[in-house]
2 protein chains.
Amino acid sequence: MATGRTHRPATRSRGIPEATVARLPLYLRALTALSERSVPTVSSEELAAAAGVNSAKLRKDFSYLGSYGTRGVGYDVEYLVYQISRELGLTQDWPIVMVGIGNLGAALANYGGFASRGFRVAALIDADPSMVGRPVAGMPVQFIDDLEKIVDENGVSIGVIATPAGAAQQVCDRLVAAGVTSILNFAPTVLSVPDGVDVRKVDLSIELQILAFHEQRKAGEEPGAGAEAVLPPVVRDAGAAAAAEGRKGPDGDMPAVMPA
Amino acid sequence: MATGRTHRPATRSRGIPEATVARLPLYLRALTALSERSVPTVSSEELAAAAGVNSAKLRKDFSYLGSYGTRGVGYDVEYLVYQISRELGLTQDWPIVMVGIGNLGAALANYGGFASRGFRVAALIDADPSMVGRPVAGMPVQFIDDLEKIVDENGVSIGVIATPAGAAQQVCDRLVAAGVTSILNFAPTVLSVPDGVDVRKVDLSIELQILAFHEQRKAGEEPGAGAEAVLPPVVRDAGAAAAAEGRKGPDGDMPAVMPA
DNA sequence: GAATGTGAAGATTTTCACAGCG
DNA sequence: CGCTGTGAAAATCTTCACATTC
């Protein structure tokens, strides 16, 4: 590959801010729920509440798409569903392949929300020969040797990686070489891809760690607030570390001994 | 509840920017890998590459934690592992409960990365009586009626929701009432929680939709670049919409007929 | 009157670039 | 000299507040 490396720093998507794009699916879901209840129109205030954002942000977001509302009235639900779907590319059919049909992969394959809304699981692929042929979510698992063929024949451009961390980069390389240009990565690894390939990662343990950070904060804060008794969790044996000389932390203090 | 509502807008965590907090787990993982390979020190450049960020960002992030590096040398791997772990609150033991042991819940329970690094699955809970007692990930599923008791007895402050969307808010309310103050939500719903409770959401289909957006972009762009043949996906029947009057989209044009 | 659409202000995040220390 | 730590600039994102339109 010539210029290829990680990330895509500049290529901003035709004016629509990334932060807005990330919220469009939220709006779409809220709108779909309204649509199913046959609600004809909705105000920015109501829709924002349903989507869990504030109304100014929602209106700003929509302003990037165009003027789809009516002043004094609100937004036409069906119309907006269509416009956002179109913007997100969900009026097309996106065949996807899932690689790595372990616990998580199988759960994802069975997950309904996956299959809905324009995405179609074209194939499930695994490297374990004993998995091959076994039906998961009503579809036989295929062997990884056929990955390139499967991608090619189905015109797949989106791949989902749910393999163990060790296999992820290799699988990723093969997917990319076969023509996949978007990857959703569930393996706890940083994937390196050439320019022009998008990677999104979903990492369960990272989310938990972020929560733990905030949770820790709460424990040391206002002892009256919060819900019920927030009993401070037991302090574990405290991992490992090297010898410190003249380090300064923002707390000022640090543990006198850092265990190895 | 008195003031309670959604989100927590102001309460910035003791100076460390949220964006930085979100990256600390990434650094930690990269550092842990280095540690296992017994690498003693690492430069911001190397570590940044391993974590998939750029080095200026990494150094800035670390500067919020304190001066933990050595100029001309780099960072002591073990020391940094310890400092970041501590900052994230991972030197404590966090008992968590998982509610909703369906496909996804079971997969999560089995997911190793969940149990590692300070998190301990204290209980698996489900509302389906036929699940109760069944062992999942070597642990018997408990009935949802005991939720409050389980949370209380184990001092749980972090809950994971992997129920169907319809049950999520109800489960959330019970968790919060029982004393849980951080929630990781896998159900495709916006959860409403009182102030002081953190919610993080992981949504598989949203991630896919964001990828689809970028994928759609690529198709309409430079037809030479990208990998191999990017065959444009088949256009589906195009969902639903209302009649349009004088709307203007940023493209100027829009479909003449919008199917209902 | 009601609610959108949006400039402008404010806040946060990223990047630059280099002073300062080992 | 090499690499960290960090002010300052740039970019991005959020919020305000109100003119505009139905």
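Once a new chain begins, its residue numbering starts again from 1 and follows that chain's sequence as written. Each chain gets a letter, beginning with A, and each ligand a number, beginning with 1, in the order they are written. Under the rules for a predicted model, residues below a pLDDT of 70 receive no local features and side-chain atom pairs below 80 are neither given nor counted, while totals for whole chains, interfaces and linings still include all residues. Processing note: side-chain calculations cover all non-hydrogen atoms of the structure and skip hydrogens and water entirely.

- As named in an unreviewed UniProt entry, chain A is Redox-sensing transcriptional repressor Rex, taken from Streptomyces gobitricini.
- UniProt positions are given in the numbering used here, feature names are shortened, and annotations may be inferred rather than shown by experiment. Reading the Subunit (unreviewed entry) entry of the UniProt record for chain A gives the comment "Homodimer."
- What UniProt states about chain A under its Sequence similarities (unreviewed entry) heading is, verbatim, "Belongs to the transcriptional regulatory Rex family."

### A look at the side chain of Ser44(B)
Residues and elements named next belong to chain B.
Okay, step 1: Only DSSP runs of H or I covering at least 4 residues are called helices, and only runs of E covering at least 2 are called strands; the numbering of each starts at the N terminus. Here Ser44 lies in helix α2 (residues 44–51).
Okay, step 2: Only protein chains enter the accessibility calculation, which uses a 1.4 Å probe; a residue is then buried when its area is under 20% of its type maximum, exposed when over 50%, and partly exposed in between. Exposure remark for Ser44: the relative accessible area of 11% places this residue in the buried category.
Okay, step 3: Among the polar contacts listed, one links the side chain of Ser44 to the side chain of Arg59, at a separation of 3.1 Å.
Okay, step 4: The criterion used for residue contact is that any of the two residues' heavy atoms lie within 4.5 Å. Ignoring anything within four residues of it in the chain, the contact list for Ser44 reads Ser55, Leu58, Arg59 and Tyr75. As used in this structure description, the phrase polar contact means that two N or O atoms lie within 3.5 Å; if the pair is within protein, one of them must be able to donate a hydrogen and the other to accept it, and residues adjacent in sequence are counted only when both atoms belong to side chains.

### Some thoughts on the protein's contact with DNA strand D
Okay, step 1: Proximity is defined per residue: any heavy atom of the residue falling within 4 Å of a molecule or strand makes that residue near it. Near DNA strand D, the surroundings consist of 24 residues, among which Arg23(A), Asn54(A), Arg71(A), Ser44(B) and Tyr75(B) are the closest.
Okay, step 2: Close to the protein, within 4 Å, the atoms of DNA strand D are drawn from sugar and phosphate at a rate of 66%.
Okay, step 3: Between a phosphate oxygen of DNA strand D and a side-chain N or O atom of Arg23(A), the distance comes to 2.8 Å.
Okay, step 4: Contact distances for DNA strand D include 3.1 Å between a base oxygen and a side-chain N or O atom of Arg71(B).
Okay, step 5: Every element with two or more residues in the surface near DNA strand D is listed here: α1 (18–36) and α3 (55–65) of chain A together with α3 (55–65), β2 (69–70) and β3 (74–76) of chain B.

### Concerning the sheet that holds strand β5 (residues 119–126) of chain B
Okay, step 1: Pairs of strands are assigned from DSSP output, requiring at least two bridges between the strands. Spatial ordering of the open sheet is given by β6-β7-β5-β4-β8-β9-β10 (chain B), a layout of seven strands whose pairing is mixed. The open sheet has two free edges, formed respectively by β6 (135–136) and β10 (198–201) of chain B, since each of these has just one partner strand.
Okay, step 2: By the bridge criterion, four bridges tie strand β9 (residues 182–185) of chain B to β10(B) in an arrangement that is parallel. Paired with Leu184(B) across the bridge in β10(B) is Arg200(B).
Okay, step 3: Geometry is summarised by axes, namely lines fitted to C-alpha atoms with helices restricted to the contacting stretch, and by angles between N-to-C directions that run from 0 to 180 degrees. Against the sheet, helix α9 (residues 204–219) of chain A engages β4 (94–99), β5, β8 (158–161), β9 and β10 of chain B, with an angle of about 165° to β9(B).
Okay, step 4: Taken strand by strand, helix α7 (residues 147–154) of chain B contacts β4, β5 and β7 (139–143) of chain B, and its axis lies near 165° from that of β5(B).

### So, the nonpolar core
Okay, step 1: Definition used in this section: a nonpolar core is a set of buried Ala, Val, Leu, Ile, Met, Phe, Trp, Tyr and Cys residues joined via side-chain atoms within 4.5 Å. Of all hydrophobic cores here, the largest spans 113 residues; its most connected members are Ile84(A), Ile84(B) and Phe114(B).
Okay, step 2: For Ile84(A), the residues in contact, after removing those within four places along its chain, are Leu24(A), Tyr27(A), Leu28(A), Leu31(A), Phe62(A) and Leu65(A).

### Considering helix α9 (residues 204–219) of chain B
Residues and elements named next belong to chain B.
Okay, step 1: A helix is expected to span 1.5 Å for every residue after the first. Here α9 is 16 residues long and its end C-alpha atoms lie 23 Å apart, about the 22 Å a rise of 1.5 Å per residue gives.
Okay, step 2: Within α9, 15 of the 16 residues are buried, which leaves it mostly tucked inside the rest of the structure.
Okay, step 3: Its side-chain oxygen at 3.1 Å from the backbone nitrogen of Ser205, Asp203 defines the N-terminal cap of α9.

### Digging into the pattern of salt bridges
Residues and elements named next belong to chain B.
Okay, step 1: Whenever Lys or Arg places a side-chain nitrogen within 4 Å of a carboxyl oxygen from Asp or Glu, that contact is recorded as a salt bridge. Counted by the stated rule, this structure contains 18 salt bridges over all chains.
Okay, step 2: In this structure, Asp61 and Arg23 form a salt bridge, with 2.7 Å as the shortest nitrogen-oxygen distance. Pair noted here: Asp61 is in helix α3 and Arg23 is in helix α1 (residues 18–36), with a separation of 38 residues, a long-range link.
Okay, step 3: Note that Arg174 and Glu148 form a salt bridge whose closest N and O atoms lie 2.9 Å from each other. With Arg174 in helix α8 (residues 165–178) and Glu148 in helix α7, this pair connects stretches of sequence that are 26 residues apart.

### Some words on the protein's contact with DNA strand C
Okay, step 1: Residues in contact with DNA strand C amount to 24 residues; listed here are only the nearest, Ser44(A), Gly69(A), Tyr75(A), Arg23(B) and Asn54(B).
Okay, step 2: Restricting the count to atoms of DNA strand C within 4 Å of the protein gives a sugar and phosphate share of 63%.
Okay, step 3: In this structure, a base oxygen belonging to DNA strand C sits 2.9 Å away from a side-chain N or O atom of Arg71(A).
Okay, step 4: Within the backbone of Gly72(A), one N or O atom sits 3.1 Å away from a sugar or linking oxygen of DNA strand C.
Okay, step 5: Contributions of two or more residues to the surface near DNA strand C are made by α3, β2 (69–70) and β3 (74–76) of chain A together with α1 and α3 of chain B.
Okay, step 6: Three classes are used: nonpolar for Ala, Val, Leu, Ile, Met, Phe, Trp, Tyr, Cys and Pro, charged for Asp, Glu, Lys and Arg, and polar for all others, with Gly counted as polar. Residue classes in the surface near DNA strand C are distributed as five nonpolar, ten polar and nine charged.

### Focus: the packing of aromatic side chains
All names here are of chain A.
Okay, step 1: Between the rings of Phe, Tyr and Trp (Trp by its six-membered ring), a pair exists once the centres lie within 6.5 Å; its type follows the angle of the planes, with under 30 degrees stacked, over 60 edge-to-face, and the other angles tilted. Counted according to the given criterion, the structure contains six aromatic pairs over all chains.
Okay, step 2: With 5.1 Å between their ring centres and 80° between their planes, Tyr27 and Phe62 make a pair best called edge-to-face. Placement of Tyr27 in helix α1 and of Phe62 in helix α3 is noted, with a sequence separation of 35 residues between them. Residues Tyr27 and Phe62 agree in their burial class; the two are buried.
Okay, step 3: Taken together, Tyr27, Phe62 and Tyr75 form an aromatic cluster joined through their ring pairs.

### Brief notes about the UniProt feature "binding site: NAD(+)" (unreviewed entry) in chain A
Okay, step 1: Those residues carrying the UniProt feature "binding site: NAD(+)" (unreviewed entry) are Gly100(A), Ile101(A), Gly102(A), Asn103(A), Leu104(A) and Gly105(A) in this numbering.
Okay, step 2: With respect to the element layout, Gly102(A) can be found in the loop between β4 (94–99) and α5 (103–110).
Okay, step 3: Residue classification places Gly102(A) among the partly exposed positions, given a relative accessible area of 36%.
Okay, step 4: Considering the arrangement of structural elements, one finds Asn103(A) in helix α5.
Okay, step 5: With residues near it in sequence (within four places) discarded, Asn103(A) still touches Ala107(B) and Asn110(B).

### Regarding the sheet that holds strand β1 (residues 41–42) of chain A
Okay, step 1: One open sheet holds the three strands; their spatial order is β1-β3-β2 (chain A), and the pairing between them is antiparallel. Of all the strands in the sheet, the pair left with one neighbour each is β1 and β2 of chain A.

### Describing helix α8 (residues 165–178) of chain A
Residue and element names in this part refer to chain A.
Okay, step 1: For α8, built from 14 residues, the straight-helix expectation of 20 Å at 1.5 Å per residue is met to within 8% by its first-to-last C-alpha distance of 20 Å.
Okay, step 2: Within the span of α8, buried status applies to Ala168, Val171, Cys172, Leu175, Val176 and Ala178. Mapping the buried residues of α8 onto a view down its axis gives an arc of 150°, with all of them on the same face. Residues of α8 that are exposed and angled more than 90 degrees away from the buried face: Gly166, Gln170 and Ala177.
Okay, step 3: Check the buried side of α8 and you find it contacts β4, α7 (147–154), β8 (158–161) and β9 (182–185).
Okay, step 4: Positive phi shows up at Gly179, right after α8, with a value of about 120°. Arc definition: it is the arc formed by the directions from the helix axis to the C-beta atoms.

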